[in-house]
Amino acid sequence: MNMEKKKVDVLEQMQNMTIDLNSKALIEKAEKDGVETMYKRKLGYKVQCGFGLQGVCCRNCGMGPCRISPKTPRGLCGADEHTIVGRNYARMCAGGTAAHSDHARDITHTLGLTTPGGAYQVTEPEKLKEFAQFMGVDPEGKDIYELAHEVSEVCLMEFGKPHGVSKLLARAPKVRQDVWKEYGIEPRAIDREIATVMHSTHIGCCADIDALVHMAFRCSMADGWAGSMIGTMLSDILFGTPKPVHTEANLNVLDGNNVNIILHGHEPTLSEMIVLASELPEMQDLAKEVGADGITLSGICCTGNELTMRHGIKIAGDFHQQELAIITGAVEAMIVDVQCIFPALAEVATHYHTKFITTSPKAQITGSTYMEFHEETALEDAKTIVREAILNFKNRDASKVMVPELKSEAMVGYAEEAIVGQLNNVVNTQIDDMNTLKPLIDVLASGVIRGVVGVVGCNNARTPSNYNHLTIMKELIKNDYLVVTTGCGASAAAKNGLMLKENAAKYAGKGLATVCQLVDIPPVIHLGSCVDNSRILNICSLVANALDMDIADLPVAGCAPEWMSEKAIAIGTYVVGSGIETFLGVMPPVTGSSRAVEILCGSIKDKVGACFHVNEDAEALAQDIMACIEAKRPHFEELYQEKVLNKRVSGELACLY
Ligand code: SF4
Ligand code: SF4
């Protein structure tokens, strides 16, 4: 094979790893510019290690590493495949829980720093008062900032309190709380659950697969029903509850004549300040001074989701597009904080003028420009960083710029309150109250909408970027299942027109399309970032409480078609723990233990009412999800008849819910 043909083959193979046309164009540019991307590295990993894929390698002590095979069925300490897989799985859950919860801890500290007129303020005083009451803090007679500081202290205790379980569990239906009590997975303090997993998975500690799975569940519950829930709630209180807002998505949102600043990572404490700083007249003037028309902010990963939900800031791309964004040659600064940031960005940035700016002591990256961000001096720090980005505009090399052509419009910003607000569009005020979830419950019960599926999570180099997300979302909405989404799943939907109201008729089945038209929503609903998966738990709880049912009774499911991170594993685990059947498009590293697979994809259902389902064929996975929900519907409809309709007929339930 000649060299030229070989090059074309390599390019084609890399381009086949994504279905995004902008990404394909930029992979080609990366090749021309001599820049290595994840796609190239993936090709280098011809065969990934089978021991790792099955979860049967252990390096938890210095006697190892050990790996299980027919010839070596036990590690040096005697741990078998079930113990090793169970420990690895539990540690993944602990890693994910730690990431979400440390994020939440920062937000909680930030609430404690709020001052009237300060960089951080209480934007939602009513929500704060309501939440304070829920957390056992009496708001009566207190100044809103005094209350904020008290709530911050109370929430900080959730991370390390010596006694009791997460206060947030009380949001769930009583029957669900009883399930958790019985299985013993009510999470205690968040940090304690993480520490317990790390302790128990140390050499010579827990060596029982049932016990390891049990603690993995309890730890993950501390993520969904404590850390993430606190993170979402306090972010709303600080920065505003998202409301429906228009945005645009994909790399064409980069503006050729503007200073392009991309925010990547997770925590809104940084990104909100960058937004404030970049809107200041002095920054706008500086941008003009250096020859730009203005400043364009856009986001990648969950920081992008937080910003688009609250401000309509454009979504530059998802996890797999972070290197490609720099390869456009049009980015003055990629500003990051924590989580999901490729260390490779440092090397990619050396090929262009882009400043790769790290800001968090928790995520310093060799080769980056480190500009530490402190909440105490937030706006000043943000101004310094934005100034650095603007001044870099003059270093842009026009010959290296190629902003690809595609972007899509999208409607985003559907927090719980926004969904209820949209549902008011179809309330008959002669009969029913406003501001309830009744219209959603009615269409679910009647079967006009067959079910609701949360399609969430990352991109994974083991599947073509965005293919699984889009295949599954399209199949679901075509068959009248409403899709809600967060994280990089949300970016995939936004980039491909699934978050446009006017596309409901094009992509959705008749039932769902009619509902979308009447309620005025798109067929795929953007619920936010990965911590905002707690919004899904909240909505499920509200619906189940209204119907006097368990979450496990509802025709709902969770799906992570392209998951990759430990956070995604923790999310999947707490979603299952919440009684929601969870479908994965990539096999987790547990297949080395038949017992682990049997528990996670089977018998855990006896404990929590749901389990994992894995299918690496996206079309088949979509069918599995629908079959699962259809199998749940008769029971749900029967319960609905018994708990709602009969009571209404007998007059016991005058006004539904
Ligand atoms: S904990 Fe056991 S299985 Fe793991 S590395 Fe040490 S000896 Fe090997
Ligand atoms: S969805 Fe996955 S890849 Fe995307 S930001 Fe969240 S954890 Fe990272």
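Residues numbered from 1 in each chain as written. Chains lettered and ligands numbered in written order. Predicted model: local features only at pLDDT ≥ 70, side-chain atom pairs only at ≥ 80, totals over all residues. Heavy atoms only, no water.

Caption draft 1: Examining the overall build of the chain more closely. When helices and strands are tallied, the chain shows 26 helices and 16 strands. Radius of gyration (C-alpha) of the chain: 24 Å, near the 26 Å computed for a compact globule of 657 residues. Once the C-alpha set of the chain is aligned to its principal axes, its extents read approximately 75 × 70 × 50 Å. Per-residue burial over the chain gives 61% buried out of 657 residues. (Helix = DSSP H or I, 4+ residues; strand = E, 2+ residues; numbered from the N terminus. Rg over C-alpha atoms; globule rule 2.2 N^0.38 Å. Buried < 20%, exposed > 50% of the residue type's maximum accessible area, 1.4 Å probe, protein only.)

Caption draft 2: Quick look at the site of ligand 2. Near ligand 2 you find 13 residues, and of these Cys340, Gly457, Cys458, Cys488 and Cys530 are the closest. Listing elements by their share of the shell around ligand 2, those giving two or more residues are helix H13 (301–311) and helix H20 (487–495). Viewed by domain, the shell around ligand 2 spans two of them, domain 2 (251–400) and domain 3 (413–655), each represented by three or more residues. (Near = heavy atom within 4 Å. Domains from an automatic or database assignment.)

Caption draft 3: Seen up close, the environment of Lys24. Here Lys24 is to be found in helix H2 (residues 21–33). Through-space distance from the C-alpha of Lys24 to that of Asp80 is 44 Å; in sequence the pair is 56 residues apart.

Caption draft 4: Molecular detail of the environment of Asn424. Structurally, Asn424 can be placed in the loop between helix H17 (416–423) and helix H18 (438–446). Residue Asn424 is classed as buried on the basis of its relative accessible area, which comes to 16%. Residues Asn424 and Val519 lie 95 residues apart in sequence; the distance between their C-alpha atoms is 7.8 Å. In contact with Asn424, other than residues within four places in its own chain, are Met434, Asn435 and Thr436. (Contact = heavy atoms within 4.5 Å.)

Caption draft 5: Structural context of unusual backbone geometry. A cis amide bond, omega 5°, links Gly64 with the succeeding residue Pro65. Topologically, Pro65 is positioned in the loop between strand E1 (57–58) and strand E2 (66–67). Look at Asn466: it is not a glycine, yet its phi comes out positive at around 75°. In this structure Asn466 comes out as buried when scored by relative accessible area, which is 1%.

Caption draft 6: Region of interest: the pairing of strand E13 (residues 524–528). Counting buried residues along E13, five of its five residues qualify, which places the element largely inside the surrounding structure. Pairing of strand E12 (residues 481–486) with E13, which is carried by four bridges, proceeds in the parallel orientation. If you follow Thr485 over to E13, its bridge partner there is His526. (Pairing = 2+ DSSP bridges.)

Caption draft 7: Just the UniProt feature "binding site: [4Fe-4S] cluster 2" (unreviewed entry) in the chain, in detail. Per the UniProt annotation, the sites labelled "binding site: [4Fe-4S] cluster 2" (unreviewed entry) are Cys58, Cys61, Cys66 and Cys77. Judged by maximum C-alpha separation, these annotated positions cover 20 residues in sequence but sit close together in space, the widest gap being only 10.7 Å. With respect to the helices and strands, Cys61 occurs in the loop between E1 and E2. On the basis of relative accessibility, which here comes to 24%, the residue Cys61 falls in the partly exposed class. When near neighbours in sequence (up to four residues on either side) are disregarded, Cys66 contacts Val56, Cys57, Cys58, Gly75 and Leu76. (UniProt positions renumbered as here; feature names shortened; annotations may be inferred.)

Caption draft 8: Representation of helix H6 (residues 125–134) in the model. Buried residues of H6: Lys127, Leu128, Phe131 and Ala132, and no others. For H6, the angular spread of the buried residues around the axis is 135°, confining them to a single face. Facing away from the buried side of H6 by over 90 degrees, the exposed positions are Glu126, Glu130 and Gln133. Of the surrounding secondary structure, the elements contacted by the buried residues of H6 are helix H7 (144–160), helix H10 (209–239) and H17. Phi turns positive one or two residues past the end of H6, at Gly136, with a value near 85°. (Arc of directions from axis to C-beta.)

Caption draft 9: Focus on the site of ligand 1. Every residue near ligand 1 is listed here: Cys58, Arg59, Asn60, Cys61, Met63, Gly64, Cys66, Gly75, Leu76, Cys77, Arg87 and Ile203. Residue composition of the shell around ligand 1, by class: seven nonpolar, three polar and two charged. (Nonpolar A, V, L, I, M, F, W, Y, C, P; charged D, E, K, R; others polar.)

Caption draft 10: Highlighting the domain arrangement of the chain. If you check the domain split of the chain, you get domain 1 (79–239), domain 2 (251–400) and domain 3 (413–655). Between the C-alpha centres of domain 1 and domain 2 the distance comes to 30 Å. Summed over both partners, the interface of domain 1 with domain 2 buries about 1200 Å², with 57% contributed by carbon and sulfur atoms. Looking at the side of domain 1 facing domain 2, the largest losses of area belong to His103, Tyr120 and Phe239, adding up to 44% of the total buried there. At the surface where domain 1 touches domain 2, the tally comes to three salt bridges. Close ionic contact of Lys362 with Asp102 constitutes a salt bridge, the shortest N to O distance being 3.0 Å. Where domain 1 meets domain 2, there are five residue pairs in polar contact (both at pLDDT 80 or more). (Buried area = accessible area lost by both parts, 1.4 Å probe. Salt bridge = Lys/Arg side-chain N within 4 Å of Asp/Glu carboxyl O. Polar contact = N/O pair within 3.5 Å; in protein donor to acceptor, adjacent residues only side chain to side chain.)

Caption draft 11: Geometry of helix H11 (residues 268–279). Over its 12 residues, H11 runs 16 Å from end to end, which matches the ideal 16 Å to within 8%, given 1.5 Å per residue. H11 sits mainly inside the fold: 10 of its 12 residues count as buried. For H11, every residue scored as buried is listed here: Pro268, Thr269, Leu270, Ser271, Glu272, Met273, Ile274, Val275, Ala277 and Ser278. (Expected span 1.5 Å × (residues − 1).)

Caption draft 12: Representation of the packing of aromatic side chains. On inspection of all chains with the given rule, the structure shows five aromatic pairs. Where Tyr120 meets Phe239, the ring centres are 6.2 Å apart and the plane angle is 65°; that geometry is what we call edge-to-face. With Tyr120 in the loop between helix H5 (81–112) and H6 and Phe239 in helix H10, this residue pair connects regions lying 119 residues apart in the sequence. (Phe/Tyr/Trp six-rings, centres within 6.5 Å; stacked < 30°, edge-to-face > 60°.)

Caption draft 13: How the structure looks around the UniProt feature "binding site: [4Fe-4S] cluster 1" (unreviewed entry) in the chain. As annotated by UniProt and renumbered to match this structure, "binding site: [4Fe-4S] cluster 1" (unreviewed entry) occupies Cys49 and Cys57. Within the secondary structure, Cys49 is located in the loop between helix H3 (38–44) and helix H4 (50–54). Residue class for Cys49 comes out partly exposed when judged on its relative accessible area of 46%. Along the polypeptide, Cys57 turns up in strand E1. The class for Cys57 is partly exposed, based on a relative accessible area of 35%. What Cys57 contacts, discounting residues up to four positions off in sequence, is Phe51, Gly52, Cys66, Arg67, Ile84 and Asn88.

Caption draft 14: Broad picture of the pattern of salt bridges. On inspection of all chains with the given rule, the structure shows 44 salt bridges. Close ionic contact of Asp20 with Lys495 constitutes a salt bridge, the shortest N to O distance being 3.1 Å. Separated by 475 residues along the polypeptide, Asp20 in the loop between helix H1 (3–15) and H2 and Lys495 in helix H20 bring together distant segments of the chain. The residues Asp20 and Lys495 share a single accessibility class, namely buried. Linking Lys643 and Asp548 is a salt bridge whose minimum nitrogen-to-oxygen distance equals 3.4 Å. With Lys643 in helix H26 (residues 618–649) and Asp548 in the loop between helix H23 (533–547) and strand E14 (556–560), the pair connects residues that are 95 residues apart, well separated along the chain.

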